[in-house]
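Tertiary structure, described
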Amino acid sequence: MVLVKSELIAQLQKEVDILVHLASKIDRSNLDYRPTPKQRSIIELLRYLSIMGPNLVKGARSKFDVEAWQAATKAAEAHDFDQTMAVIASEKDTYAKELGGMSDADFRSEMDNFDGSKITRGLFIVNLVLGGHVAYRTQLFCYLKACGRDELGTMNLWYGVDPPPPQK
């Protein structure tokens, strides 16, 4: 296996930390920013991220529940920025709890993928949850840059920290 369970959990928790770091760079006057009319706004993107990972993990553990997803989406839509960020921050514990209880056999067992194919639960979690975090945090980073946060760079995007001050 490329990742062991503890590494997968740690990487997902790191993704939460990076997302929280990037969200700390948001000027709240830009929460409704969206690059085009059909794209999510910053607050809509964060609300989506508050449900995406945990609900996909639950779907991987059992069967994807469309009604539960819709209910979570509706609840997230009612959250303000602070409530949304509290939910996102709590995902670190959610990932540890939900994935910590899975065995290696659970990760290797097959499930139905959204495209009708079969996929192992582990690969589903890596592709959709971990990959989703990386993709959507990059989208948030691009939104921040478009809103004038030119000082943000590689360290912010990939490590969730501000770069050290330049050497003189």
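Throughout what follows, the structure given in this document is the object of discussion. The structure displayed is predicted, hence computed values, not measured ones. (Residues numbered from 1 in each chain as written. Predicted model: local features only at pLDDT ≥ 70, side-chain atom pairs only at ≥ 80, totals over all residues. Heavy atoms only, no water.)

Focus: helix α1 (residues 5–23)
Its 19 residues place the ends of α1 27 Å apart at the C-alpha level, agreeing with the 27 Å of an ideal helix rising 1.5 Å per residue. All of the buried residues in α1 are L8, I9, L12, E15, V16, I18, L19, H21, L22 and A23. (Helix = DSSP H or I, 4+ residues; strand = E, 2+ residues; numbered from the N terminus. Expected span 1.5 Å × (residues − 1). Buried < 20%, exposed > 50% of the residue type's maximum accessible area, 1.4 Å probe, protein only.)

A closer look at the packing of helix α2 (residues 42–49) against helix α5 (residues 81–100)
To characterise two packed helices, one gives the angle between the axes of the helices and the distance between these axes. Packing of α2 against α5 brings their axes to within 9 Å, and their N-to-C directions diverge by 35 degrees. Here the hand of the crossing between α2 and α5 comes out left-handed. Residues I43, L46, R47 and L49 of α2 touch α5, and the partners they reach there are F81, T84, M85, I88 and E91. Tallied by class, residues from the contact of α2 with α5 come to six nonpolar, one polar and two charged. (Axes fitted to C-alpha atoms, helices over the stretch in contact; angles between N-to-C directions. Left-handed = near helix turned anticlockwise from the far one by under 90°. Contact = heavy atoms within 4.5 Å. Nonpolar A, V, L, I, M, F, W, Y, C, P; charged D, E, K, R; others polar.)

So, the environment of K92
Residue placement: K92 occurs in helix α5. With relative accessibility at 28%, the residue K92 sits in the partly exposed group. On a C-alpha basis, the gap between K92 and L130 in space is 13 Å, while along the polypeptide they are 38 residues apart. The contact partners of K92, leaving out residues within four places of it in the chain, are Q13, V16 and D17.

Regarding a nonpolar patch on the surface
Side chains of M155, W158, Y159 and V161 sit close together on the surface and give an oily, nonpolar patch of about 380 Å² of accessible area. With respect to the secondary-structure elements, Y159 resides in helix α8 (residues 154–159). (Patch = residues over 30% accessible without salt bridge, like charges linked within 9 Å, V, L, I, M, F, W, Y side chains within 5 Å. Areas by Shrake-Rupley, 256 points an atom, 1.4 Å probe, with all protein chains shown as cover. Salt bridge = Lys/Arg side-chain N within 4 Å of Asp/Glu carboxyl O.)

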